[in-house]
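Structure assessment
Each chain, written out:
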Amino acid sequence: MTTIIYIALILMAFGMLLSFIRFVKGPNTADRTVALDTLTTIGTAALVLLGYMFHRYIYVDVALIYAVLGFIGVIVIARYLEGAL
Amino acid sequence: MSAMEIIGAILLLIGSAFLFLGGLGIYRMPDTYNRLQAGTKATTLGAMSLILGVGFLEPSWMIKTLIIIIFIAYSNPISSHALARANYKRKHFPLILHGDVKEMDAYREVTEKEENKEEKK
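The model shown is predicted, which means the values in this text are computed figures rather than measured ones. Within each chain, residue numbers correspond to sequence positions counted from 1 in written order. Key to labels: chains lettered from A, ligands numbered from 1, both in the order written. Reporting in this predicted model follows two pLDDT cut-offs: at least 70 for local features of residues, and 80 or more for side-chain atom pairs to be given and counted; totals over whole chains, interfaces and linings ignore these cut-offs and use all residues.

A look at unusual backbone geometry
The general pattern is negative phi for most residues beyond glycine and trans for most peptide bonds. Residue and element names in this part refer to chain A. Look at histidine 55: it is not a glycine, yet its phi comes out positive at around 60°. Here histidine 55 lies in the loop between helix 2 (29-54) and helix 3 (58-82). Neighbour counting defines burial: a residue surrounded by 20 or more other C-beta atoms within 10 Å of its own C-beta is buried, one with 12 or fewer is exposed, and intermediate counts give partly exposed, using backbone-placed C-beta atoms. For histidine 55, a count of 8 C-beta atoms within 10 Å gives the class exposed. Numbered from the N terminus, helices here are DSSP runs of H or I no shorter than four residues, and strands are runs of E no shorter than two.

Next up, the structure:
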């Protein structure tokens, strides 16, 4: 069971690393915002998995709040790019 | 290992593989709209599958993980739609190779026709 959790965490770490590279060097603001959205989603899943790994129930609540805040941030940036804010 | 743990482990591996593919698509795709497709769809499936796998592994957490899954299923398509719409309204049109024509956008022709009609009135 521990091996499977480590494999999942390593795969998610590589996904976060690749999208972070795009977040740093993306050509314009929309690319960076897409990479931020992906980072937020992978981070939510990673928090839930770490909560299972460390047997801490509070991490699930943190993951829920992180998902809500990331969603609101992406919506606000999209409205700003559109020129409506 | 009980049956619930085996189902949870399989869902965990599927979810993490799709999350990695989402990150790879973000890095490799050539265009903002392609990146939106790869990044949002793959990570939605991956995160839902992985969180459901944790719910199977720890059955007392099932209700809260289902709440997170429902929230991700609502919020991810909305944010990707808002981003694509904002990028389109900034005049960053999608680039598509179509024979010799490098830029083809069916939706723009429709909107330009509608704008011309409004100007004639």
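Things to note about the packing of helix 2 of chain A against helix 3 (residues 62-89) of chain B
Each axis is a line fitted through C-alpha atoms, and for a helix only the stretch in contact is used; angles between axes span 0 to 180 degrees, taken between their N-to-C directions. The interhelical angle for the contact between helix 2 of chain A and helix 3 of chain B, taken along N-to-C directions, is 175°, at an axis separation of 11 Å. Taken together, helix 2 of chain A and helix 3 of chain B sit at an angle that is classed as roughly antiparallel. Contacts between helix 2 of chain A and helix 3 of chain B involve Ala30, Thr33, Val34, Asp37, Thr41 and Val48 of chain A from the former and Thr65, Ile68, Asn76, Ser79, Leu83 and Asn87 of chain B from the latter. Each residue belonging to the contact of helix 2 of chain A with helix 3 of chain B can be placed in one class, and the counts come to five nonpolar, six polar and one charged. Just so you know how the angles are binned, under 35 degrees is roughly parallel, over 145 roughly antiparallel, 65 to 115 roughly perpendicular, and the rest oblique. Contacts are defined on C-beta atoms placed from the backbone: any two residues whose C-beta positions lie within 7 Å are in contact. Classes in brief: Ala, Val, Leu, Ile, Met, Phe, Trp, Tyr, Cys and Pro nonpolar; Asp, Glu, Lys and Arg charged; the others, Gly included, polar.

Re the interface of chain B and chain A
Taken together, the contacts link 45 residues of chain B with 38 residues of chain A. Breaking the side of chain B that touches chain A down by element, the ones donating at least two residues are helix 1 (3-28), helix 2 (32-57) and helix 3 of chain B. Broken down by element, the residue count for the side of chain B that touches chain A peaks at 15 residues, all from helix 3 of chain B.

Distances and angles like these do not, on their own, reveal function.
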